[in-house]
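Fold and contact review
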Amino acid sequence: MEANEHEHVIEVTDLRRVYGGGFEAVCGIDFSVRRGEVFALLGTNGAGKTSTVELLEGLAAPAGGRVRILGHDPYTERAAVRPRTGVMLQEGGFPSELTVAETARMWAGCVSGARPEREVLALVGLEAKADVRVKQLSGGQRRRLDLALALLGDPEVLFLDEPTTGLDPEGRREAWDLVGALREAGTTVLLTTHYLEEAEYLADRLAIMHEGRIAVTGTPAEVTATEPSRISFELPHGYHVGDLPPLAALGVSDHTTDGRTVRLRTHELQRAATGLLVWAQQAGVELRRLDVRSASLEEAFLSIAKDASADAAATKEYAA
């Protein structure tokens, strides 16, 4: 492999951000993003995602720690960083009377080495709307325009803040395909999103923030693996939970029953499911309404947020 395939184009070390009154919104976080990687920054409301991304974009200086984008400080060396990055904000705030093409042309005048406006409009499916005024666009079409302008400079690093908000399911999938194509072309993407399915689909790695700190980081599979998988089924008539194979031997961590419905939780899904199905085959019974599924990123996200809140409450109680 080439050395630059491992290059960290975003490096964050002990990063802190403090607002007036002493409120610490970002409390000493660390993470890095490799070239050509899609990295999702997730978190509960007020977790510090936007505060972090603004520091990465060079919109403010950190109160402590360090940020490097393509080897440069994005705040003090903005001239070296800005031409190589693209930013899609949550709301672009474009002049409503300009057409889509005029808006792209105006924005291109502020970008070094801008791509042809029609080319980027075609990329996001707005070519047919080139002569339509911005005020006449739907919310989803405005998000497409936001993305088009972020791509005008053919950036090496692309920041996407809630990129698919307002898009319909088809538009969201098209945006995902575009992000995937950008990754294949070597663009590094850092995105924030409230759509956990989006992060699970797009991200090579992700971090979940809570109250200014990173609670967990890893691939989507690594993060979801922190939560148990689930198996549920209906007991055959004449059978009871005690008739099943020893659940602990199957790797089942706990179980619940609701009438004849049994729900198992396990971190060894294949082992548990195989043992259960072998037992059913040998007993000559059918496990009706059988449902086997891995934990979702949403479950991991909610569990992490809950655990982090509980830890914070315990710390405050101890300090008091």
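1. Things to note about the environment of Leu-287
Tracing the backbone shows Leu-287 in the loop between α9 (269–283) and β13 (288–293). Considering only alpha carbons, one finds Leu-287 and Gly-251, 36 residues apart in sequence, at a separation of 19 Å. Once residues lying within four places of it in the same chain are set aside, the contact partners of Leu-287 are Phe-233, Glu-234, Pro-236, Leu-276, Trp-279 and Ala-280.

2. With respect to the sheet that holds β13
Within a sheet, each strand pairs with its neighbour through backbone hydrogen bonds, oriented either parallel or antiparallel. Overall, antiparallel pairing links the 4 strands, which are arranged β11-β12-β10-β13 in an open sheet. Lying at the two open borders of the sheet, with one neighbouring strand each, are β11 (252–258) and β13. The average angle at which neighbouring strand axes cross in this sheet is 15°, direction not considered. In the packing of α9 onto the sheet, contacts are made with β10 (229–234), β11, β12 (261–266) and β13, and the angle to β10 comes to roughly 15°.

3. Side note on the sheet that holds strand β5 (residues 85–88)
Pairing is mixed in the open sheet, where 6 strands are placed in the order β5-β6-β7-β3-β8-β9. A strand with exactly one partner marks an edge of an open sheet, and here the two such strands are β5 and β9 (213–218). Between one strand axis and the next, the sheet turns by 15° as a mean value, whatever way the strands run. Bridging between strand β3 (residues 38–43) and strand β8 (residues 205–210) involves 5 bridges; their strand directions are parallel. Across the sheet, the residue bridging to Phe-39 is Arg-205, located in β8. Contacts between helix α5 (residues 139–150) and the sheet are confined to β5 and β6 (157–161), with β5 contributing the most and set at about 170° to the helix.

4. A word on the packing of aromatic side chains
All told, the structure shown has 4 aromatic pairs when counted by the stated rule. Ring centres 5.7 Å apart and planes at 90° place the aromatic pair Tyr-239 and Trp-279 in the edge-to-face group. Of this pair, Tyr-239 sits in the loop between β10 and β11 while Trp-279 sits in helix α9, and the two are 40 residues apart along the sequence. For the cation-ring pair, Arg-172 lies above Tyr-195, with the distance from its terminal atom to the ring centre recorded as 4.1 Å. Here Arg-173 stacks its cationic end above the ring of Tyr-201, 4.9 Å away from the centre of that ring.

5. Observations concerning the nonpolar core
Core analysis: the biggest nonpolar cluster contains 43 residues, and Leu-42, Leu-145, Leu-160, Ile-208 and Val-223 have the highest contact counts within it. If one sorts the elements of this core by residue count, α5 sits on top with 5 residues. Sequence-distant contacts of Leu-160, that is, excluding residues within four places in its chain, are made with Met-88, Leu-147, Val-179, Val-189, Leu-190, Leu-191 and Thr-192. One finds Ala-25, Phe-31, Leu-41 and Ile-69 within the second-largest nonpolar core, a separate group that totals 25 residues.

6. With respect to the confidence of the model for the chain
Of all residues in the chain, 93% have pLDDT values of 70 or greater, and the mean over the chain is 90. Under a pLDDT of 50 for its full length, residues 1–5 has, in the predicted model, 4 contacts with residues more than four places off or in other chains.

7. A look at helix α3 (residues 100–108)
Residues Val-100, Ala-101, Thr-103, Ala-104 and Ala-108 constitute the buried set of α3. Viewed end-on, α3 has its buried residues packed into an arc of 160°, placing them on one side of the element. Residues of α3 that are buried make contact with α4 (117–123) and α5.

8. Focus on the environment of Thr-217
Summarising the element assignment, Thr-217 is placed in strand β9. Here the side chain of Thr-217 touches Leu-206 through a polar contact of 3.0 Å, landing on its backbone oxygen.

9. Here we look at the environment of Gly-46
By secondary structure assignment, the location of Gly-46 is in the loop between β3 and α1 (49–56). Among the residues examined, Gly-46 registers a relative accessible area of 69% and is labelled exposed. Distance in space between the C-alpha atoms of Gly-46 and Glu-156 is 29 Å, their sequence separation being 110 residues.

10. Description of α5
Taking 1.5 Å as the rise per residue, α5 with 12 residues should run 16 Å; its terminal C-alpha atoms sit 17 Å apart, in good agreement. Most of α5 sits inside the fold, with 10 of its 12 residues counted as buried. Of the positions making up α5, those classed as buried are Gly-140, Gln-141, Arg-143, Arg-144, Leu-145, Asp-146, Leu-147, Ala-148, Leu-149 and Ala-150. Considering only its buried residues, α5 is in contact with β5, α3, α4, β6 and α6 (169–184).

Conventions adopted
Residues numbered from 1 in each chain as written. Predicted model: local features only at pLDDT ≥ 70, side-chain atom pairs only at ≥ 80, totals over all residues. Heavy atoms only, no water. Helix = DSSP H or I, 4+ residues; strand = E, 2+ residues; numbered from the N terminus. Contact = heavy atoms within 4.5 Å. Pairing = 2+ DSSP bridges. Axes fitted to C-alpha atoms, helices over the stretch in contact; angles between N-to-C directions. Phe/Tyr/Trp six-rings, centres within 6.5 Å; stacked < 30°, edge-to-face > 60°. Lys NZ or Arg CZ within 6 Å of the ring centre and 35° of its normal. Core = buried A, V, L, I, M, F, W, Y, C linked by side-chain atoms within 4.5 Å. Buried < 20%, exposed > 50% of the residue type's maximum accessible area, 1.4 Å probe, protein only. pLDDT = per-residue confidence, 0-100. Arc of directions from axis to C-beta. Polar contact = N/O pair within 3.5 Å; in protein donor to acceptor, adjacent residues only side chain to side chain. Expected span 1.5 Å × (residues − 1).

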